[in-house]
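Analysis of the macromolecular model
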Amino acid sequence: MWGCWIVFLVIVIGNVVQSTVFHISRVKKSWVSAIEYCKCYEMRLAVVDTLEKQKLLEQAIVGSPIFSKKYTTVWIGANDRETEGHFVWQPTGTAVQYSNWGPTAPNKRGRNKNCVHLVYSENRIFEWDDWRCQRESNVACEKIKDCD
């Protein structure tokens, strides 16, 4: 219908347990429209701030109907729209610490390559790349839930 729900991650922080639910859209959106799309489901663009979350998101994408071994691309929440070269997570405003950039990314080829997507193809295995925010891609949304 409108997407694919994948529940994956449980993190124990002190006495709080957090679970992450990923939603991979079947529709393609610009990066800004992707923010609104996620909000419609009371979610946010995915914040991929650890290797563990990267791997779990990869599994969610592979298990979704949009995955193609030839070429798949999915928006995540990282961007440098405010300050060139300083990538932050849109949902939280925190600086990107963990990353999985491809060998030529981020790059300054072309203008306005300020939004980040994951790319899967024959020679790019879920690498991050900066892309023009107006381009359309599938969307990775997430919901964090604290469980007491």
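Up top is the structure these notes are about.
Criteria and thresholds
- Each chain has its residues counted from 1, following the order in which its sequence is written.
- Thresholds applied to this predicted model are a pLDDT of at least 70 for local features of residues and 80 or more for the giving and counting of side-chain atom pairs; totals over whole chains, interfaces and linings are not thresholded and use all residues.
- Working from all heavy atoms in the structure, the side-chain values ignore hydrogens and water.
- For our purposes a nonpolar core is just a set of buried Ala, Val, Leu, Ile, Met, Phe, Trp, Tyr and Cys residues, chained together by side-chain atoms within 4.5 Å.
- Only protein chains enter the accessibility calculation, which uses a 1.4 Å probe; a residue whose area is less than 20% of its type maximum is buried, one above 50% is exposed, and one in between is partly exposed.
- The numbering of helices and of strands both runs from the N terminus, where a helix is a DSSP run of H or I of at least 4 residues and a strand a run of E of at least 2.
- Contact criterion: two residues are considered in contact whenever any of their non-hydrogen atoms come within 4.5 Å of each other.
- Disulfides are defined as pairs of cysteine sulfur atoms found within 2.5 Å of each other.

A separate point is the nonpolar core. Within soluble globular proteins, side chains that are nonpolar tend to cluster in buried spots. If you look at the biggest cluster of nonpolar residues, it comprises 24 residues, and the most contacted ones within it are Val48, Leu57, Ile61, Ile76, Trp89 and Trp128. The element contributing the most residues to this core is helix 2 (residues 51–62), with four residues. Once you skip the residues sitting within four places of it in the chain, valine 48 turns out to touch Lys53, Gln54, Leu57, Ile76, Trp89, Tyr98 and Trp128. Core analysis: the second largest hydrophobic core is formed by 14 residues, Trp31, Ala34, Trp75 and Cys141 among them.

Each disulfide is one covalent bond, formed between the sulfur atoms of two cysteines. By the definition in use, this model includes two disulfides. Through a disulfide, cysteine 38 is tied to cysteine 141; the S-S separation comes to 2.0 Å. Handedness here is read from the sign of the S-S torsion; for cysteine 38 and cysteine 141, about -85 degrees, the answer is left-handed. A residue pair is termed long-range when its members are at least 10 positions apart, and cysteine 38 in helix 1 (residues 31–40) and cysteine 141 in strand 8 (residues 138–147) qualify at 103 residues. Residue cysteine 38 is classed as buried on the basis of its relative accessible area of 0%. You can call cysteine 141 buried: its relative accessible area is 0%. Shown here is the disulfide that connects cysteine 115 with cysteine 133, its sulfur atoms set 1.9 Å apart.

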